Amino acid sequence: MTPRMQEISQLDRVIHEPARLAIMLILGGAGEADFLYLQREGGFTQGNLSGHLAKLEEAGYVAIEKKFKGKVPLTVCSLTGKGRSAFAEYSNRMLGLLQSNGSSGHPAIDSGPPAIPPASPGAPPDCR
Amino acid sequence: MPIASPGQRAASYWFVDGLPDIVLGTTLLFFGALGLWWCIHVPKSLPQPDFFFIAAGLTLLIWKGRNVIDFLKSRLTYPRTGYVQPPEDLSEGFRPPSTLIALNLRPGPPPDENVTHFNTRTVMVVFFWCFYLVQNPWKSWYMLLAMPVLAVALYAWNRRTERPYRWWSALILALTGALLLWLDVPPLVQPLLLPLLAGVWLVAQGACTLVGYLRANPYSRTPEGVRA
């Protein structure tokens, strides 16, 4: 197996699936969101989203919590510390792969992004 | 401005129902009316705390406004289109790598993710403009300038944020100054009319947004069992 193929095989498959990547991106950008918001933003069906969230929760990447907002119950999802570090690691690997391939044709990638240090679980988030 | 990254969409979502505008507008209306009432009915021998009412109202809004908006949203917005974390609460949160967002969505992701400039670029603009006008000797023709300046400031400073104002909406606000000159309002109370006019403008704008939102998103009860 070539080193490149080895890198590809080391990508986190839980995150790599497009729907789950979208969920991770939405939760990463929004902080926390409920089921209905995720469903509308990602264009998921209820069953589809439930299935993907269950997988992410099982991997420990997403926390699903029952909360009350003004006495109204909401099922709120958010990224866990493990989820953040896995996501950062996935991003680094993915970007490394794209850059090792020469020009990706994408301006944001070709400009050479700074490396993202993986956050250790329980440590304060790295960006804000 | 196209809003495409998840963080920007979440920040923009906070204004989809017009409730922040309505709450700010109502605060300005209530406390502006209180100040006006004091000016007109309380004897001049007593202190005239012109600006005190507006300052108290906006302080109260910054302190407790989020709770009021959250209370209203939990009944109107969250059951219809879902809940997302309020933008300002994300200060300690996590931001996904911008390059991955770009890869996933579009080139050139916005530098800020899920932040709101509402307090700094709308509430504080109204606050400081009212403060400046009240502190300076007032001439009746000032009103002709005061409202256009406020309108231009609100429009220009919010143009590239998650909550831009439409140009024609800002034009309406700018023209209200001329209306006051036409009505020949006594100069003494004119400075206090600025928050009142801004309040009416914000409430009207928020109400239109809210009606549009409610019509576009009728309430549909999701069976709790289906939720994750």
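With respect to the environment of Pro164 of chain B
Residues and elements named next belong to chain B. With respect to the secondary-structure elements, Pro164 resides in the loop between helix H7 (142-158) and helix H8 (167-183). Put simply, Pro164 and Leu154 are 10 residues apart on the chain and 8.7 Å apart in space, counted from C-alpha to C-alpha. With residues near it in sequence (within four places) discarded, Pro164 still touches Asn158 and Arg159.

Overview of the pattern of salt bridges
The full count for this structure, using the stated rule, is 5 salt bridges over all chains. Where Lys67 of chain A meets Glu32 of chain A, a salt bridge forms, and the shortest distance between an N and an O atom there is 3.0 Å. Placement of Lys67 of chain A in strand S2 (residues 62-69) and of Glu32 of chain A in strand S1 (residues 32-34) is noted, with a sequence separation of 35 residues between them. Note on Glu32 of chain A: relative accessible area 11%, which makes it buried. The shortest N-O distance in the salt bridge between Lys73 of chain B and Asp17 of chain B comes to 2.8 Å. Taken together, the positions of Lys73 of chain B in helix H3 (residues 52-76) and Asp17 of chain B in the loop between helix H1 (6-13) and helix H2 (19-41) put the pair 56 residues apart, joining distant regions of the chain.

Thoughts on the packing of helix H3 (residues 18-30) of chain A against helix H6 (residues 81-100) of chain A
Residues and elements named next belong to chain A. Relative to each other, H3 and H6 sit at 115 degrees, their axes nearing to 11 Å. Regarding H3 and H6, the two cross each other, and that crossing is left-handed. When H3 is examined against H6, the residues Leu21, Met24 and Leu25 are found in contact with a partner set consisting of Gly83, Phe87 and Tyr90.

Some words on the confidence of the model for chain A
Scored by pLDDT, chain A has a mean of 77; 77% of the residues are at 70 or more. For the stretch residues 112-128 of chain A, pLDDT sits under 50, and the model shows 31 contacts to residues farther than four places along the chain or on other chains.

Thresholds applied
- The numbers attached to residues start from 1 for each chain and follow its sequence in the written order.
- Whichever chain is written first becomes A and whichever ligand is written first becomes 1, with later ones labelled in order.
- Confidence filtering applies because this is a predicted model: local features only for residues at pLDDT of at least 70, side-chain atom pairs given and counted only at 80 or more, and all residues used for totals across whole chains, interfaces and linings.
- As a rule here, side-chain values cover all heavy atoms of the structure and leave hydrogens and water aside.
- A run of DSSP states H or I qualifies as a helix once it reaches four residues; a run of E qualifies as a strand once it reaches two. Both are numbered from the N-terminal end.
- It only takes one pair of heavy atoms within 4.5 Å for two residues to be counted as in contact.
- In the sections that follow, a salt bridge refers to a side-chain nitrogen of Lys or Arg positioned within 4 Å of a carboxyl oxygen of Asp or Glu.
- We call a residue buried when its accessible area falls under 20% of the maximum for its residue type, exposed when it is over 50%, and partly exposed in between, using a 1.4 Å probe and counting protein chains only.
- Here an angle of 0 to 180 degrees is reported between the N-to-C directions of two axes, which are lines fitted to C-alpha atoms, with helices fitted over the stretch in contact.
- Handedness of a crossing is defined here by the sense of rotation of the near helix relative to the far one, left-handed for an anticlockwise turn of less than a right angle and right-handed for a clockwise turn.
- pLDDT measures how confident the predictor is about each residue, on a scale from 0 to 100.

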